[in-house]
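Below are the chains, spelled out letter by letter.
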Amino acid sequence: MTTHHIAILTGDGIGPEIMAEALKVLTLVEQRSGVHFELTESPFGAAAYFDYGHPFPEQTQAVCDAADAILKGPVGLAHAEAMKIPVDMQPERGAVLPLRARYNTYANFRPVSLPKALAPLSPLKAEVIGEGIDILMIRELLGGLYFGKKVIGIDDNIRFAEETLRYDEIQIRQVVKTGFEQAMKRKKLLHNIHKSNILKSSVLWNEVLDEVAADYPEVEVVNMLVDAAATHLCLNPGQFDVMVMENMFGDILSDQGGGLIGSLGLMPSACIGDGKAYYEPSHGSAPDIAGQNIANPYSMIGSVAMMLEYSFGMVDEANQIWAAMQGVFADGYTTPDLARSNSDEKVIGTDAFGQRVVDKLAAI
Ligand code: IPM
Ligand code: MG
């Protein structure tokens, strides 16, 4: 029997609740597929800092090193709580970025997907949604402002902070190539999102992209400024298929993507490099709603689907999970983040949504 080792990093806030539902789904996949998933839970995030003195403790690093894939929940605390942790030990800086760097996961896949039948979940008008939204945003994950040199200091009695946006051509080439590869598997259309009218890093990015494009003559490239892309996403999301962009642009536009389809709760992601990948919701740990059984587990369950597809090649199983989740919405159920006052849909909690997904999946 095939065994896949998975590190489970439950995280903070709503992490435990949504991870529990994701693992229910994974367990059913295991029972049905005959593949064994060996799960090892490890501390990661703010709770890990308080318990072990580090948000990405050494024992967790060892578990992740030994795993075939990593499934990670959201991390972070509300502002007042986060202030109790030294800046560099706060989990976003002290755990998430080191995790990304450790496994060289340079390409972050963030699907923004809403089938036509679920158009009412979106705040956009049905005619804007058209035949549905199906965008794959690919965000560079290891460069730019996130990882550039940082200086803080005082100049002439004025406090300043300086952060460097640096990209080299190797970093650009690898993620852009990923964009072209995905475009080849989809509609052969690639939107290159940049800001080359201002940023020199975007000028270099576009130069490298043009070089890589020569290897993919079938792919149509559309170059679009990032600010314009923000508008186009609202006005006509159907024009996009695969989008590729640098780190910070991708952080922002992917959250906009969540807004387009109705909730950040619908945004799973895959962090992919040449070796091990890890999977996480695109959203944060929502400490304000933690423990209330109202968080949407879709993004966490969707991250399981992405893990099955990208790390284990279990494409059918992944597609069945998407179908099961969409089926729950189609049956007239919804989670509190998506509930609309003028509708007769039934609002259900985190565990009930997860259970309905399991039931649907079992019936597929
Ligand atoms: C995301 C999050 C992270 C980021 C945080 C948690 C470090 O916002 O994955 O989009 O900014 O990359
Ligand atoms: Mg973000």
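Rules behind the numbers
Residues numbered from 1 in each chain as written. Chains lettered and ligands numbered in written order. Predicted model: local features only at pLDDT ≥ 70, side-chain atom pairs only at ≥ 80, totals over all residues. Heavy atoms only, no water. Near = heavy atom within 4 Å. Polar contact = N/O pair within 3.5 Å; in protein donor to acceptor, adjacent residues only side chain to side chain. Areas by Shrake-Rupley, 256 points an atom, 1.4 Å probe, with all protein chains shown as cover. 1 Å grid on protein atoms, 1.4 Å probe; cavity = no way out; pocket = protein on both sides within 12 Å on 5 of 7 lines; lining within 4 Å. Sits in = over half its atoms within 2 Å of the grid points. Nonpolar A, V, L, I, M, F, W, Y, C, P; charged D, E, K, R; others polar. Domains from an automatic or database assignment. Pairing = 2+ DSSP bridges. Helix = DSSP H or I, 4+ residues; strand = E, 2+ residues; numbered from the N terminus. Axes fitted to C-alpha atoms, helices over the stretch in contact; angles between N-to-C directions.

Draft legend 1. Representation of the site of ligand 1. Taken together, Glu 92, Arg 100, Arg 110, Arg 139, Tyr 146, Asp 251, Glu 280 and Ser 282 are the residues near ligand 1. Arg 139 places a polar side-chain atom, nitrogen or oxygen, 2.8 Å from an oxygen atom of ligand 1. Between an oxygen atom of ligand 1 and a side-chain N or O atom of Asp 251, the distance comes to 2.8 Å. In isolation ligand 1 has 320 Å² of accessible area, and contact with the protein removes 79% of it. In this structure, ligand 1 is accommodated by the largest pocket. Taken together, the residues of the shell around ligand 1 break down into one nonpolar, one polar and six charged. A domain-level breakdown of the shell around ligand 1 finds at least three residues from each of domain 1 (1-103 + 275-364) and domain 2 (114-263).

Draft legend 2. Local environment of the sheet that holds strand E11 (residues 268-272). Pairing is mixed in the open sheet, where ten strands are placed in the order E2-E1-E3-E12-E11-E4-E5-E10-E8-E9. Where the open sheet ends on each side, the last strands, each with one partner, are strand E2 (36-41) and strand E9 (220-225). Ignoring strand direction, the axes of neighbouring strands in this sheet form an average angle of 25 degrees. As defined by bridge partners, strand E3 (residues 69-72) adjoins strand E12 (residues 277-281) across three bridges and the pair is classed as parallel. What sits directly across from Leu 71, in E12, is Tyr 279.

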